[in-house]
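# Descriptive analysis of the structure
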Amino acid sequence: MNNAVHNGVWSGTWVAERLGVELVGDDELRELLGLALRRNPKRAHLLVSNVLGKHVPQSPAVVYGHGFALGRRVRELLGADESRRAVVLGYAETATGLGHCVADGVGLAPYLHSTRRPVEGVARAGGFEESHSHATSHLLLPENPALLAGPGPLVLVDDEFSTGNTVLNTVRALHERYPRERYVIVALVDMRAPADVARLTDFAQEIGAQIDLVTTAKGTVTLPEGVLEKGQALVAGHEQPTSGARGTARTTPTGPQPPNNQPTRVDLRWPARLPDGARHGFTPGHRIRLETALPTMAAKLTEALPEDAHRVLVLGFEELMYAPLRLACELERQTRQTRQTEGVEIRYSTTTRSPVLAVDDPGYAIRSRLVFPAHDDPADGPGERYAYNVAGAGFDAVVAVVDSAADTPELHAPDGLLATLAEHTPHVLLAVVPSYVPAPPHVPERPRMLPEPLRGPAFSSYPPDEVGWLLQDLSDVTLEAPTEEREEAIQAGGAHYAESLPVEYQPSDQYQELFRAALDTSAARIAQAVGAVTELVLAERSPRPVLVSLARAGTPVGVLMRRWAQHRHGLELPHYAVSIVRGRGIDANALRWLAAHHDPADVVFVDGWTGKGAITRELADAIAEFEASDGITGFDPEIAVLADPGSCVRTYGTREDFLIPSACLNSTVSGLISRTVLRADLVGPNDFHGAKFYRELAGADVSLDFLDAVATRFPEVTDAVDSTVKELLSGDRAPTWEGWAAVERISEEYEIHDVNLVKPGVGETTRVLLRRVPWKILARAGAGADLDHVRLLAEQRGVPVEEVAELPYTCVGLIHPKYTRGATGADGKAVSV
């Protein structure tokens, strides 16, 4: 690795000899730090970190590793429980990336860094001053105003801890507004004088809080009298005037430059709504989405780099340090794996606002300086910006990574950053990350007094934290009707299937055994599908999704997805169940409640499986109608499902049509909740749809057995999930709707002429046998144990099972067409399973 001692010469020698500055401390201190001179009226010297990734190009793995290791030490200090409650705060601009790496090491802590860029529409949650900096004002602009308000530990991260003034200013400002019991200060180096150490101790006693310190190395800087004036004189004597806004202390280009050397723009395909950094907060869920997308984004850079590039710099932009660092880390990993030529080096550093003297001497930390105009329309006006140790470093290619707010004409100007880089490297690549601006909080136009969700054990056998039901309790209303009566009324057009309920029957011992055998056989496969669909949701839909299951088949899947997020990532996701009725749409009042309590953009609708895609289309139409009527936008109608055999959605765990044991039973595997009910005399315009809680079936309830059997398999399928997700993210998941086409074909071939009477897939076929009057079962030739329960139900109901060679599903259930109780075919007897 590059270090501050090269060929026996320490990169602080030049300053130490001329100013009399002494650096005393731990053995590794000189490996970590060099010295340079500032153009700053408040402090003469600059401690130049070799592992921060700001002024000195370094291996990205080294930069990330130092920050992550500090975070791990914080986690050990706090313990798992306190770490889970912690918030990490980093300082702009130098420590924005370091703080982010520390947050990664802590594990489950959200991260926020201060910023010098005000953002219109985002309220300040605080601010503080950095007394020795050239740009002193720090703003705190969290998207979630409650981020800093919690009682857990606050972890403050800076590159160096020199006097403690910055930290004291921060803690004092925040403690007055959000008092807490514990603070942890993290820095690469602790360079405080003894008096400053005592001052921090006194301050902790003053505010009545515990303040801990975690650093990589410790030492002191001894400054002789008059060092500021002497330093200013040295800077004046060695400063080279610049022409316009461009200049460097070492201007010889690294090789022949082609004419009109234009940068190559690389489209990273940055995930939508993923923050580019932590200016407004960055959650563990955001990190999951970033890490999932990094391989694909870095591959875009790898493809764009010339084959002969052996030394590559990824150059970040001021506060935008973490995203370029993670891209550089992944690029470093990929080039080692994919490039046959040995000796490919990836380095990382960033541009900066900080003016530092450049001296081309091996005993000085800043060997060269590029100067160019600011290109992000800064609030404090135009000015010079800098990139250090880039010129003369022999880079074959530089990848400049900026946010979209900085992709301005100034960036592309003849004296701008890109043109300046092109003078010193033969290849310049530009990657632009979308600048994240929080959406304004949504306030429903007409807030309604809707009830809070129903929860177990008062409603359902699920624990209260597993799911909240946006339903009304109709348990005391008689809604059940015999299967034959319901079928006749539904097909005659005299009733809708959601206006009554089928009778809930206790399964026989034989059928119970089939369920348990099926669960034992398929639990791992279900766990893998649960993990895959949850990871897709976190990667592509929202880092903190609000899971909204379509009751009731979606509810067990939503609970399992919630459990996976907690198991794998420590996330506690909100989960609700809502009613959707074919032909009637989704419960609009449930949508209104969700919009009043959550950002609609975070809502992810969940179902068990797709058949022909009727509910998929129903939901899309219902959301469009809701937007038109209420003016509330942001809900994404695409459903996330465990299995998508109908190829109707993009977000799924698998497209295999296999047995999901929760489809084998009715309420006894779904928290003892009935199908949802929508009937005008029971559900008013301001009511949720209804459902019943079958408390009397508690003795046969296997709802938690099903969940636990699947969740216990989570640890063993982790690697398989990662592999599946990688394959899904890189593959084509566009819906083909082949299931709908197959249903239409079957409907005509069997002269049914009604696609609603054709129920494809194992789950839908099971529903036909349990709740409707079945006519025939079509089974794919050679289908095995997945259909054992279907064959048993078919035998008990006198329904023929017909094997079909070419069938896109494992099986298809056909409801008796134009059913009356005098029809032939199925005998219509009550299900006695």
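Read on for an overview of the structure. (Residues numbered from 1 in each chain as written. Predicted model: local features only at pLDDT ≥ 70, side-chain atom pairs only at ≥ 80, totals over all residues. Heavy atoms only, no water.)

## Here's the deal with the overall build of the protein chain
On a plain count of helices and strands, the protein chain comes out with 21 helices and 34 strands. With 833 residues in all, the protein chain has 60% of them scored as buried. Contacts in the protein chain between residues far apart in sequence, at least 24 positions, make up 78% of those at least 6 positions apart. Accessible area of the protein chain: about 31,800 Å², with a carbon and sulfur share of 50%. (Helix = DSSP H or I, 4+ residues; strand = E, 2+ residues; numbered from the N terminus. Buried < 20%, exposed > 50% of the residue type's maximum accessible area, 1.4 Å probe, protein only. Contact = heavy atoms within 4.5 Å. Areas by Shrake-Rupley, 256 points an atom, 1.4 Å probe, with all protein chains shown as cover.)

## Quick notes on the packing of aromatic side chains
All chains considered together, the criterion is met by eleven aromatic pairs. Both rings, one in Y576 and one in W593, keep their centres 5.1 Å apart while their planes meet at 70 degrees; by these two values the pair is edge-to-face. Of this pair, Y576 sits in strand 25 (residues 575-581) while W593 sits in helix 15 (residues 588-597), and the two are 17 residues apart along the sequence. Taken as a pair, Y576 and W593 share a single burial class, namely buried. An aromatic cluster of three or more residues is present, and its members are F459, Y462, W469 and F693. Sitting above the plane of the W10 ring, R30 keeps its charged end 4.0 Å from the centroid. (Phe/Tyr/Trp six-rings, centres within 6.5 Å; stacked < 30°, edge-to-face > 60°. Lys NZ or Arg CZ within 6 Å of the ring centre and 35° of its normal.)

## Remarks on the side chain of T215
By secondary structure assignment, the location of T215 is in strand 12 (residues 210-222). A relative accessible area of 14% places T215 in the buried class. Setting aside residues no more than four positions away along its own chain, T215 makes contact with L70, R73, A187, L188, V189 and D190.

## Remarks on the packing of helix 8 (residues 284-304) against helix 13 (residues 509-541)
Across the interface, helix 8 lies against helix 13 with an axial gap of 8 Å and an inter-helix angle of 95 degrees. Viewed along their axes, helix 8 and helix 13 adopt a mutual orientation that is roughly perpendicular. Facing G285, I288, R289 and T292 of helix 8, the residues of helix 13 in contact are E535, L538, A539, E540 and R541. Of the residues belonging to the contact of helix 8 with helix 13, the class tally is three nonpolar, two polar and four charged. (Axes fitted to C-alpha atoms, helices over the stretch in contact; angles between N-to-C directions. Parallel < 35°, antiparallel > 145°, perpendicular 65-115°, else oblique. Nonpolar A, V, L, I, M, F, W, Y, C, P; charged D, E, K, R; others polar.)

## A closer look at helix 18 (residues 718-730)
Residues that lie three or four places apart on an α-helix share one face, since the helix turns once every 3.6 residues. Taking 1.5 Å of rise per residue, 13 residues should cover 18 Å, and helix 18 covers 19 Å from first to last C-alpha, within 8% of that figure. Taken together, the buried positions of helix 18 are occupied by T718, V721, T724, V725 and L728. Seen along its axis, helix 18 keeps its buried residues to an arc of 120 degrees; they face one direction. Away from the buried face of helix 18 by more than 90 degrees, exposed residues D719, K726, E727 and S730 are located. In this structure, the buried residues of helix 18 make contact with helix 8, helix 13, helix 14 (554-569) and strand 29 (651-654). (Expected span 1.5 Å × (residues − 1). Arc of directions from axis to C-beta.)

## A word on the nonpolar core
Within the largest apolar cluster, 136 residues are counted, with the highest numbers of intra-cluster contacts made by L37, V88, L148, V155, V186, Y364 and L421. Sequence-distant contacts of L421, that is, excluding residues within four places in its chain, are made with L315, L370, V390, V398, A400 and V428. (Core = buried A, V, L, I, M, F, W, Y, C linked by side-chain atoms within 4.5 Å.)

## Comments concerning the environment of I366
Note that I366 resides in the loop between strand 15 (345-351) and strand 16 (369-373). Between the C-alpha atoms of I366 and A36, which are 330 residues apart in sequence, the distance is 6.4 Å. Excluding anything up to four places from it in sequence, I366 contacts A36, V48, H55, V356, L357, A358, V359, Y388 and N389.

Read these as layout, nothing more, since geometry by itself doesn't imply function.
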